[in-house]
Amino acid sequence: LTEGLDNQPIKGARDVALMKYDSAGNLTQTKLLGAAGSANGFSIAVDADGRVAVAGSVTGALEPGKSGDVATVADSFVTVFDDTGKELWTQRRGAKAADEATEVRFGDDGRVYVAGRAKSAMPGQAALGGWDSYLQTFEERPLTVIGPVTGVNVSTLQFGSSGDDSVQAMTVSGSDLYTAGVENGRAVVRRFTLDAAGIPTLAATRDLGLLSGSIAGVSVENGRVVVTGQTDNAALDAGMVTNPHAGGTDVFVASLSGDLQAGAGDRLTYFGGSGNDTAADVKIKDGKVWITGTNRDAGASKTDP
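To keep things clear, this report deals only with the structure shown in the data block. Predicted model, so just to flag it, every value in this text is computed and none were measured. (Residues numbered from 1 in each chain as written. Predicted model: local features only at pLDDT ≥ 70, side-chain atom pairs only at ≥ 80, totals over all residues. Heavy atoms only, no water.)

1. Some remarks on the pairing of strand β11 (residues 165–173)
Next up, step 1: For β11, the tally of buried residues reaches 7 of 9 residues, placing the bulk of the element in the interior.
Next up, step 2: Two elements, β11 and strand β12 (residues 176–183), share 8 bridges in a ladder whose sense is antiparallel. Along β12, the bridge assignment pairs serine 166 with valine 182.
Next up, step 3: Remark: 2 residues form the turn of the hairpin made by β11 and β12, two consecutive strands paired antiparallel; glycine 174 in that turn has positive phi of roughly 60°. (Buried < 20%, exposed > 50% of the residue type's maximum accessible area, 1.4 Å probe, protein only. Helix = DSSP H or I, 4+ residues; strand = E, 2+ residues; numbered from the N terminus. Pairing = 2+ DSSP bridges.)

2. Structural notes on the pairing of strand β5 (residues 75–81)
Next up, step 1: With 7 of 7 residues buried, β5 lies mostly within the body of the structure.
Next up, step 2: The two faces of β5 match: Asp75, Phe77, Thr79 and Phe81 on one face and Ser76, Val78 and Val80 on the other face are all buried.
Next up, step 3: Sheet analysis places strand β4 (residues 52–59) next to β5, joined by 7 bridges and oriented antiparallel. For valine 54, the partnering residue across the bridge sits in β5 and is threonine 79.
Next up, step 4: The pairing of β5 with strand β6 (residues 87–93) spans 6 bridges and is antiparallel. Bridged to phenylalanine 77 within β6 is arginine 92.
Next up, step 5: Turn length for the β5-β6 hairpin, with the two strands adjacent in sequence and antiparallel, is 5 residues, and the turn residue glycine 85 shows positive phi of about 95°.

3. Let's talk about a nonpolar patch on the surface
Next up, step 1: Nonpolar side chains collect at one region of the surface, where Met19, Tyr21 and Leu27 lie side by side and expose about 310 Å² of accessible area between them.
Next up, step 2: Along the polypeptide, tyrosine 21 turns up in strand β1 (residues 16–21).
Next up, step 3: Look at tyrosine 21 and you get partly exposed, because its relative accessible area is 48%. (Patch = residues over 30% accessible without salt bridge, like charges linked within 9 Å, V, L, I, M, F, W, Y side chains within 5 Å. Areas by Shrake-Rupley, 256 points an atom, 1.4 Å probe, with all protein chains shown as cover. Salt bridge = Lys/Arg side-chain N within 4 Å of Asp/Glu carboxyl O.)

Shown next as C-alpha cells:
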C-alpha cells in the first residue's frame, strides 16, 4: 500500500498490508507493517492454529525491529500474527548486501520456515556468488514465563550455484521440506530433511534443465512432488511427456517421486498455445492441479499430471 488507513498511517514510501476477509468476502481486518523506507510482502502462510506468517523485504527501520547494517539496503523479514490479528513477533535477518524473503511456511511442528535469496553471506554462512538461495528456521519461544513470545532463528542454510539463484516456491510435508527455484538459469528442486529441532539437511537435488522461465509452485500430493511453472524449454528433464510443448512460453506441471530420484512414474505435462503462457499460482485439490495465470490462446484452466 502507498496510502494508509486513518488509524494506520503509512510509515514510508510503501507498506505491507495484511487483510482478512470472512467467508462472504467482507473485509474484517487490516494490519499494516511499515518501514521508514519501504516494505514488500512476498509470501503468506496460515497455520492450523490460525497463526499467519508474512515474509518479504524491508528497507529502513521496521517497527518493532530495527534498521539493518545498511539502512538503504533491503533486508529479509518475517512477522507472525495470532488468530485474532495480534502481532506476536517480527524478525529481521539480513546479509551485508541486499536480501529478501520470498517464501514462508509453517511446519507440522509449528515452526516457521523462511526461504529467500541474498547477494552476500547471511549470518553464519558463506556466499557462493551472485544471488544465493537461503533457508531459515524460526522457533517460537516465550520471553518470560507468562509473557509474550518471540521468534528465535535456530538455523540458517545458504545454498545454490556460482550464478544467480532464487527460491520461488517451498512446501513442508512432515519431516521433509522442498524448495523449487531457478539456479544459474536452471530449474532445480531440492529436498531437505528436518530433524527434531527443525534444522534442515539437504537430502536430494533434482535438476530439471534450463528453464528460461519461472517456478509458480511446489506441492506434495499422495507422495508425489508436483512442480509447476512456465518455460521455453520443450524438453525439461522431468519424466515422460504426456502433453507436448506447443511453442513460445508454456506452463508446465511435473510430477516427481518424493525422494526426487528419476523414475518410471515421473510425468511432465505442458499446457498452452503457440503464444506465451504464464502461471501465477497453483493449488492441488482432489488430485487435480489448478493453475491461474495468462493463456494467450483458447484453453482450459486446469490440468492433471
